[in-house]
Amino acid sequence: MNYKIANCTISGQPALVQTAKDLLADALGEVGFESFEETQQGLKAYIPAENFDEQCLKEVLKNMPIQEIKLTYHLEDMEDKNWNEVWENAGFAPIDIDEQLIIYDAKSAFVPATDHKIYIGIEARQAFGTGNHQTTRMMISMLLKLRLSEKRVLDCGCGTGILSIAASKLGANKVIGYDIDEWSVNNTLHNATMNNVTNLEVFHGNAQVLSHVSGLFDVVLANINRNILLQDMTSFVELMSPGAILLLSGFYESDANLLIEKATQLGLVERNRKTEDDWCCLMFTKEK
């Protein structure tokens, strides 16, 4: 899938710039942008090229509520090949999560230690799938606190497969993942094989593929953008067994109330949350 990047420059009073970044990310999320990267100059926003509407982008910038800041932008094209090559070539240093699980670059010379920690090697294809991103770290930190032995786990938007692999390593009996990007499906399967994970099945598509999945799940994981979470949460809940756990991330803390409101409407109860650098992770349970 090809992406458009809106590279937005934000200038004005320094005290207002961070607020402007947060408001801009929220507004762009409303018109289909899927992920964001803060820069020194402002914000990079990513959207599938087929969903991009420049007039919507212009309207968002025009209607920003902070009058004291100035917004400009330029557009870039990003193809799958270039997206992959950037992360493959860059690599990443080992990431220690709660001193229990280590994520390392499978192409590096890193050698896992013979200790009690779980080691997962990943060939990086995107930032959100390596553990470098706050949302991935928080999701895994939450997973580490759960009892996954003999549980069925669903990974929605599996990316590199890091959450699926972690769930399997933590004792899950069966893991099913899906992703809208075919390269993510292939990357997940590749990383699972490298980590000797054999109980993972992966589907290509959006939440509609769940209609082909039988049985209920004890744990559902979704590290996606806010709009997709709001759109697909009903589908998640329909596949959760009584007492099941739903972990959500991929959104800013300022958006948490929107997701909590939706979850409450669907009969979920908030049980825990984590925040890191304005990003948020929520844990819910389904009432029995």
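Residues numbered from 1 in each chain as written. Predicted model: local features only at pLDDT ≥ 70, side-chain atom pairs only at ≥ 80, totals over all residues. Heavy atoms only, no water.

### Brief notes about the domain arrangement of the protein
Domain parsing of the protein yields domain 1 (3–78) and domain 2 (84–286). Domain 1 puts 13 residues into the contact, and the matching count from domain 2 is nine residues. It is Asp26, Glu34 and Phe36 that lose the most area in domain 1 upon contact with domain 2, and together they represent 43% of the buried surface on that side. At the junction of domain 1 with domain 2, the criterion picks out one salt bridge. Among the ionic pairs, arginine 226 bridges to glutamate 30, the shortest N-O distance being 2.9 Å. (Domains from an automatic or database assignment. Contact = heavy atoms within 4.5 Å. Buried area = accessible area lost by both parts, 1.4 Å probe. Salt bridge = Lys/Arg side-chain N within 4 Å of Asp/Glu carboxyl O.)

### Brief notes about the nonpolar core
By size, the foremost hydrophobic cluster in this structure holds 59 residues, and its most contacted members are Leu24, Phe33, Ile103 and Leu247. Split by domain, this core shows at least three residues from each of two domains, domain 1 (3–78) and domain 2 (84–286). Residues contacting leucine 247, with those up to four places away along its chain left out, are Met139, Met142, Leu143, Leu146, Val220, Leu221, Ala222, Leu282 and Met283. Listed in part, the 30 residues of the second largest apolar core include Leu229, Val237, Ala256 and Ile260. (Core = buried A, V, L, I, M, F, W, Y, C linked by side-chain atoms within 4.5 Å. Buried < 20%, exposed > 50% of the residue type's maximum accessible area, 1.4 Å probe, protein only.)

### Looking at the UniProt feature "binding site: S-adenosyl-L-methionine" (unreviewed entry) in the protein
In the numbering adopted here, UniProt assigns the feature "binding site: S-adenosyl-L-methionine" (unreviewed entry) to Thr136, Gly157, Asp179 and Asn223. In this fold, threonine 136 is placed in helix 4 (residues 134–143). For threonine 136, a relative accessible area of 1% corresponds to the buried category. Inspection of the secondary structure puts asparagine 223 in strand 11 (residues 217–223). Setting aside anything within four residues of it in sequence, one finds asparagine 223 in contact with Thr135, Thr136, Met139, Cys156, Leu163, Ser249 and Gly250. Of note is the side chain of asparagine 223, whose polar atom sits 3.2 Å from the side chain of threonine 135. (UniProt positions renumbered as here; feature names shortened; annotations may be inferred. Helix = DSSP H or I, 4+ residues; strand = E, 2+ residues; numbered from the N terminus. Polar contact = N/O pair within 3.5 Å; in protein donor to acceptor, adjacent residues only side chain to side chain.)

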